[in-house]
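For reference, the chains in residue letters:
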Amino acid sequence: MTARRRLLRLTSLAAALVTWQLLTSLDVNLWLRFEQFPTVGEVASTFADRATTGPYWQDLGFSLRRIVTGFVLASVLGVAAGTAIARSRLAADLLGPVLEVLRPIPAIALVPVAILLFPSNEQGIVFITCAAAFFPVLVSTRHAVSALSPVWEEAVLTMGGTRPRILFSVVLPGALPGIFGGLSVGIGVSWICVISAEMISGEYGVGYRTWQDYTVVDYPGVFVGMATIGALGWLTSTAVERTGHHLTRWLPTRTTPTPRAPVPRGPVPHGQVSHGQEARDPASPGGSRPAESTRPEPLSPDSSGTGLHPVGSHARAPAPADGPPG
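Residues numbered from 1 in each chain as written. Predicted model: local features only at pLDDT ≥ 70, side-chain atom pairs only at ≥ 80, totals over all residues. Heavy atoms only, no water.

## Looking at the overall build of the protein
Here's step 1: Secondary structure assignment for the protein yields 10 helices and four strands.
Here's step 2: N-terminal to C-terminal, the α/β element order of the protein is α-α-α-α-α-α-α-α-α-α-β-β-β-β.
Here's step 3: Residues counted as buried form 29% of the 326 residues belonging to the protein.
Here's step 4: Counting only carbon and sulfur atoms, one obtains 64% of the accessible surface of the protein, whose full area is about 22200 Å². (Helix = DSSP H or I, 4+ residues; strand = E, 2+ residues; numbered from the N terminus. Buried < 20%, exposed > 50% of the residue type's maximum accessible area, 1.4 Å probe, protein only. Areas by Shrake-Rupley, 256 points an atom, 1.4 Å probe, with all protein chains shown as cover.)

Laid out in structure tokens, this is it:
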């Protein structure tokens, strides 16, 4: 990323903070009411106080542990299930209908199910996080594997490759761009659901602490929790995207220069025409005529059988043989 783009992004963030500060400090109350919103200074002061205490970092560690565990499980299960459904009719018939029925159900609606299934709230929150990221990864993997050209597999088979070799050398590498698209979506949805699950049934975590601040009308603390969630989501999403770019660095990018054919410079040799030009003919109405072909004419044996001469309208007659010496 260039320095200009970094400066532009910092300017955008600074403009948003300045707008927030002006709306809250002036108590703007139009259709939207900002008189009860904390200012940027109040939120920053609350964050500085909490960053020096242990409970803040303890909550942050709990949320990170839950999100990493659930996301890793969802990634492994989603890629495996998506690949199986895309490549096996039996798996598509057995797993497809059940997963398509479960997919529209919001992950946060599974909180009662998690409470009934798992003996602890911690395991239930990890389950909800995994369920949230599982379906985006599943769908993206299924479409990415289905879109692969069968020519690659046939080429490996003709060279004696086995099915496992095709899977790990052709299918999964070829589907990586689509898989990481689903992973990027899944990590964002995971944060939404893990925070919601912590608010409902959690004992520790950023979501739990944010809800507790809301119940005691500590609005600066609520905004500290929101800012922490946004920063953690941005960091984890960036890590997933950077990993995807590293593993798919063989893909062409916008900055990759496109090779161009060299343009001939200097005088054009007689009988040849450079690209995009035509030979000029003053006698023609438009002042130009198509260039004559420079391809050599076919050759055929002459009448004497001693040589070759061109065939066509421009063929030359063979020279007469010398007579016997006098």
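## Regarding the layout of surface pockets
Here's step 1: In this model, the second largest pocket occupies a volume close to 410 Å³.
Here's step 2: Lining the second largest pocket are 17 residues; nearest its centre among them are Leu17, Trp20, Val43, Phe223 and Ala227.
Here's step 3: Among the secondary structure elements, those contributing two or more residues to the lining of the second largest pocket are helix 1 (3-25), helix 2 (40-50), helix 3 (54-87) and helix 10 (219-247).
Here's step 4: A total of six residues in the lining of the second largest pocket trace back to one element, the largest contributor, which is helix 10.
Here's step 5: Tallied by class, the residues present in the lining of the second largest pocket amount to 16 nonpolar, one polar and no charged. (1 Å grid on protein atoms, 1.4 Å probe; cavity = no way out; pocket = protein on both sides within 12 Å on 5 of 7 lines; lining within 4 Å. Points joined across faces, edges and corners; volume = space filled by probe spheres on them. Nonpolar A, V, L, I, M, F, W, Y, C, P; charged D, E, K, R; others polar.)

## A closer look at unusual backbone geometry
Phi is mostly negative for residues that are not glycine, and the peptide bonds are mostly trans.
Here's step 1: Phi is positive for Asp27, which is not a glycine, with a value near 55 degrees.
Here's step 2: In this structure, Asp27 sits in the loop between helix 1 and helix 2.
Here's step 3: The exposure class of Asp27 is partly exposed, given its relative accessible area of 44%.
Here's step 4: Of note, Val217 is a non-glycine position whose phi angle comes to about 60 degrees, a positive value.

## Some details on the nonpolar core
Here's step 1: Membership of the largest hydrophobic core comes to 45 residues, with the highest contact counts inside it found for Ile128, Phe134, Leu138, Leu183 and Trp191.
Here's step 2: At the level of secondary structure, the elements contributing two or more residues to this core comprise helix 3, helix 5 (111-117), helix 6 (121-146), helix 8 (163-201) and helix 10.
Here's step 3: At 14 residues, the largest contribution of residues to this core is made by helix 8.
Here's step 4: Sequence-distant contacts of Trp191, that is, excluding residues within four places in its chain, are made with Ser63, Leu64, Ile67, Leu232, Gly233 and Thr236. (Core = buried A, V, L, I, M, F, W, Y, C linked by side-chain atoms within 4.5 Å. Contact = heavy atoms within 4.5 Å.)

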